[in-house]
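Each chain, letter by letter, is given below.
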Amino acid sequence: MSVPFSGTLRRSGGVVSAIGKQLKSINLKGVKRITVQFDPFAENVKATREFLFLLSTPKVSLTNPKCIVKPDIVCDRSPAFVKFSLIESAQEQIKAKEIRFNSENLNTLELLQLCNKHVSTLAPPEEITNKVLTKAEKQKLAGGAGGKKLAKKK
């Protein structure tokens, strides 16, 4: 008698693919400014520096070109944190002016997951834009077959 198979047929892509997946779903439309503060001589600062790098990639920055990403490097042994200053509509939604993550004991993947859970959900819904009609579609809607109009003779 054999044991029935349970599990996956192949392995997961690992941490790198999980970071890539989280990075694709980041949306910074609800954020005005991101401040990343860390002490470069602290022990657990690598994940915060990597998160700062990932926030400054072109794909993430295109989600909100007006968002300012400001690194704040201090040398006073203070704990690392990431602070998101929100736009007015997002402030009204959660009744807070900013979201702050203490990133001292978090890894890069956990920071991205928290960002997607708490920040990306605050993005305002996209407005539906009107579809651009071609000349042929406009004529079909007008009911005409196109062509020149004949002038009436008097």
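Residues numbered from 1 in each chain as written. Predicted model: local features only at pLDDT ≥ 70, side-chain atom pairs only at ≥ 80, totals over all residues. Heavy atoms only, no water.

Caption draft 1: Fine view of the sheet that holds strand β2 (residues 68-73). As summarised here, the arrangement of the four strands in space is β2-β1-β3-β4, forming an open sheet in which the pairing is mixed. Single-partner strands in this sheet number two, and they are β2 and β4 (98-102). Neighbour-to-neighbour, the strand axes of this sheet turn through a mean angle of 15 degrees, independent of strand direction. Bridge analysis of strand β1 (residues 31-38) against β2 gives six bridges, and the strand direction is parallel. Pairing of valine 36 across the sheet is with proline 71, part of β2. Across the face of the sheet, helix α2 (residues 46-55) comes into contact with β1, β2 and β3 (81-86) while running at roughly 150 degrees to β1. Against the sheet, helix α5 (residues 108-118) engages β3 and β4, with an angle of about 160 degrees to β4. (Pairing = 2+ DSSP bridges. Helix = DSSP H or I, 4+ residues; strand = E, 2+ residues; numbered from the N terminus. Axes fitted to C-alpha atoms, helices over the stretch in contact; angles between N-to-C directions. Contact = heavy atoms within 4.5 Å.)

Caption draft 2: Representation of the nonpolar core in the model. Of all hydrophobic cores here, the largest spans 28 residues; its most connected members are Leu28, Val31, Ile34, Phe51, Phe84, Phe101 and Val119. Counting only elements with at least two residues in this core, the list comes to β1, α2, β3, β4 and α5. (Core = buried A, V, L, I, M, F, W, Y, C linked by side-chain atoms within 4.5 Å. Buried < 20%, exposed > 50% of the residue type's maximum accessible area, 1.4 Å probe, protein only.)

Caption draft 3: Region of the structure containing unusual backbone geometry. One non-glycine residue, arginine 77, lies in the positive phi region at around 60 degrees. Arginine 77 gets classed as exposed once you look at its relative accessible area, which sits at 61%. Look at lysine 95: it is not a glycine, yet its phi comes out positive at around 60 degrees. Structurally, the position occupied by lysine 95 is in the loop between α4 (88-94) and β4. A relative accessible area of 75% places lysine 95 in the exposed class.

Caption draft 4: A look at the side chain of asparagine 64. Here asparagine 64 shows up in the loop between α3 (58-61) and β2. Residue asparagine 64 is classed as buried on the basis of its relative accessible area, which comes to 12%.

Caption draft 5: Focus on the pattern of salt bridges. Counting across every chain of the model gives one salt bridge. Taking the shortest distance from any N to any O, the salt bridge between lysine 32 and glutamate 88 comes out at 3.8 Å. On the criterion of sequence distance, the pair formed by lysine 32 in strand β1 and glutamate 88 in helix α4 is long-range, its members being 56 residues apart. Since its relative accessible area comes to 38%, lysine 32 is described here as partly exposed. (Salt bridge = Lys/Arg side-chain N within 4 Å of Asp/Glu carboxyl O.)

Caption draft 6: Just the packing of α2 against α5, in detail. Remark: α2 packs on α5, axes separated minimally by 8 Å, with the N-to-C direction vectors making an angle of 50 degrees. The angle between the axes of α2 and α5 places the two elements in the oblique class. In this structure, α2 meets α5 at a crossing whose hand is right-handed. Here Ala47, Thr48, Glu50, Phe51 and Leu54 of α2 come into contact with α5, specifically with Thr108, Leu111, Leu112 and Cys115. Each residue belonging to the contact of α2 with α5 can be placed in one class, and the counts come to six nonpolar, two polar and one charged. (Parallel < 35°, antiparallel > 145°, perpendicular 65-115°, else oblique. Left-handed = near helix turned anticlockwise from the far one by under 90°. Nonpolar A, V, L, I, M, F, W, Y, C, P; charged D, E, K, R; others polar.)

The values are spatial; any link to function lies outside them.
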